[in-house]
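Chains, contacts and geometry: an overview
Take a look at the letters that make up each chain.
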Amino acid sequence: MTDTDVIIVGAGPAGLTLATELRLVGVKPLVLDRLTEIREVAKAGGIGGQILNLLRYRELRDLLDDAAGAPVTAKLPFGGIHVDLTELGESPMQVQRLPQPQLEALLQNHVRGLGVEVRRGHEVTGLQQDDDAVHLEVQGPDGAYRVSAQYVVGCDGVRSRVRELAGVAFPGITYPEIHRLATVSMPPEITVRDDGDYDIPGYGRLAWGYSQTPG
Ligand SMILES: Cc1cc2nc3c(=O)[nH]c(=O)nc-3n(C[C@H](O)[C@H](O)[C@H](O)COP(=O)(O)OP(=O)(O)OC[C@H]3O[C@@H](n4cnc5c(N)ncnc54)[C@H](O)[C@@H]3O)c2cc1C
């Protein structure tokens, strides 16, 4: 006998979306996330492409439209190449600007509304599997505890602890580059043109998208 059928480790976009899917087929998962609050730093600035159509099937599209406005046709930066699909009558590249913290808050409210328990401040530290169940060791706000399920799903991100604990290898490579993300506000002297490019006094035109400058 287990405590629950499915435990999802990680309340990021993957974990919360999976919780929605499971709930729709009658499974009530337990979601655990080590962060007490949703991280404020925006990783993704929005979502785009075919995922928007897929979300429509899950009645999430209305929620997203309410929060972010209707999707718009976008210019797509692909590495250094600009792919401009705005001339197409029906562009497949629609995007919706919704910073990831807002998306996660929206999905979290949604799954909680569906009756899913999302426990925050609960970090998975250990995992054992036997013939009957998967057992997790969890460090929660009130101390350590154990919880068991028929299935545990690791949705715990890029350096997945669940993957390590389950002995699943990471045969790929990681990039040596370091990417930095900043949210900036621009002084009024900088003009944003209709095509998205910037006019910067003393510098000139800076193209929208990826730019490499001497500095
Ligand atoms: C700078 C940057 C910009 C990006 N821009 C975009 C974009 O514009 N559009 C886009 O679609 N994607 C973008 N992405 C990618 C997107 O952010 C990721 O694909 C997405 O966050 C992956 O979701 P996830 O749920 O798999 O993992 P995560 O978002 O990493 O969530 C994992 C969760 O697991 C929790 N967790 C980890 N370990 C444990 C543990 N041991 N116990 C309990 N909980 C744990 C973490 O606290 C976290 O909440 C960007 C990423 C970065 C870094």
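The rules behind the values
- Residues numbered from 1 in each chain as written.
- Predicted model: local features only at pLDDT ≥ 70, side-chain atom pairs only at ≥ 80, totals over all residues.
- Heavy atoms only, no water.
- Near = heavy atom within 4 Å.
- Polar contact = N/O pair within 3.5 Å; in protein donor to acceptor, adjacent residues only side chain to side chain.
- Areas by Shrake-Rupley, 256 points an atom, 1.4 Å probe, with all protein chains shown as cover.
- Helix = DSSP H or I, 4+ residues; strand = E, 2+ residues; numbered from the N terminus.
- Nonpolar A, V, L, I, M, F, W, Y, C, P; charged D, E, K, R; others polar.
- Core = buried A, V, L, I, M, F, W, Y, C linked by side-chain atoms within 4.5 Å.
- Buried < 20%, exposed > 50% of the residue type's maximum accessible area, 1.4 Å probe, protein only.
- Contact = heavy atoms within 4.5 Å.
- Pairing = 2+ DSSP bridges.
- Salt bridge = Lys/Arg side-chain N within 4 Å of Asp/Glu carboxyl O.
- Expected span 1.5 Å × (residues − 1).
- Arc of directions from axis to C-beta.
- Axes fitted to C-alpha atoms, helices over the stretch in contact; angles between N-to-C directions.
- Parallel < 35°, antiparallel > 145°, perpendicular 65-115°, else oblique.
- Left-handed = near helix turned anticlockwise from the far one by under 90°.

Taken together, 22 residues lie near the ligand, and Ala 14, Asp 33, Gly 46, Gln 100 and Val 124 sit nearest. Here a nitrogen atom of the ligand sits 3.1 Å away from a polar atom, N or O, in the main chain of Arg 34. Between an oxygen atom of the ligand and a side-chain N or O atom of Gln 100, the distance comes to 2.7 Å. Protein coverage of the free-state accessible area of the ligand, which is 1000 Å², stands at 66%. Within the residue set of the shell around the ligand, elements represented by two or more residues are α1 (13-24), β2 (30-33) and β9 (123-129). Counted by class, the shell around the ligand contains nine nonpolar, seven polar and six charged residues.

With that settled, consider the nonpolar core. Residues Ile 8, Val 31, Leu 64 and Val 118 are the most contacted members of the largest nonpolar core, which totals 20 residues. For this core, the secondary-structure elements that each account for two or more residues are β1 (4-9), α1, α2 (51-57) and α4 (100-113). No other element matches α4, which puts four residues into this core. Those residues in contact with Val 118 that lie beyond four places of it in its chain are Ala 11, Leu 16, Val 31, Gln 108, Val 111 and Arg 112. Among the nonpolar cores identified, the runner-up in size contains 12 residues, and Leu 32, Leu 136, Ala 149 and Val 162 belong to it.

This brings us to the pairing of strand β7 (residues 94-97). With three bridges joining them, strand β3 (residues 46-48) and β7 adopt antiparallel strand pairing. Bridge pairing links Gly 46 to Arg 97 in β7. Note that strand β4 (residues 72-73) and β7 share two bridges and pair antiparallel. From the neighbouring strand, Thr 73 faces β7, where its bridge partner is Gln 94.

The next subject is the pattern of salt bridges. In total, this model carries eight salt bridges according to the counting rule given. The partner of Glu 164 in a salt bridge is Arg 161, and the shortest N-O contact between them spans 3.2 Å. In this pair, Glu 164 and Arg 161 both sit in helix α5 (residues 161-165), three residues apart, roughly one turn of the helix. Classification of Glu 164 by relative accessible area gives partly exposed; the value is 46%.

Before going further, it helps to examine α1. Given a rise of 1.5 Å per residue, 12 residues ought to cover 16 Å, and the 17 Å separating the end C-alpha atoms of α1 matches this to within 8%. Buried residues of α1: Gly 15, Leu 16, Ala 19, Thr 20 and Leu 22, and no others. Buried residues of α1, viewed axially, fall in a sector of 170 degrees; they line one side. Where the residues of α1 are buried, they touch β1, β2, α4 and β8 (117-120).

This brings us to the packing of helix α3 (residues 61-68) against α4. At a minimum axis distance of 11 Å, the contact between α3 and α4 shows a crossing angle of 140 degrees. With respect to each other, α3 and α4 are oriented oblique. Of the two elements, α3 crosses α4, and the hand of that crossing is right-handed. Across the interface between the two elements, Leu 63, Leu 64 and Ala 67 from α3 touch Leu 103, Leu 106 and His 110 from α4. Across the contact of α3 with α4, the residue classes tally to five nonpolar, one polar and no charged.

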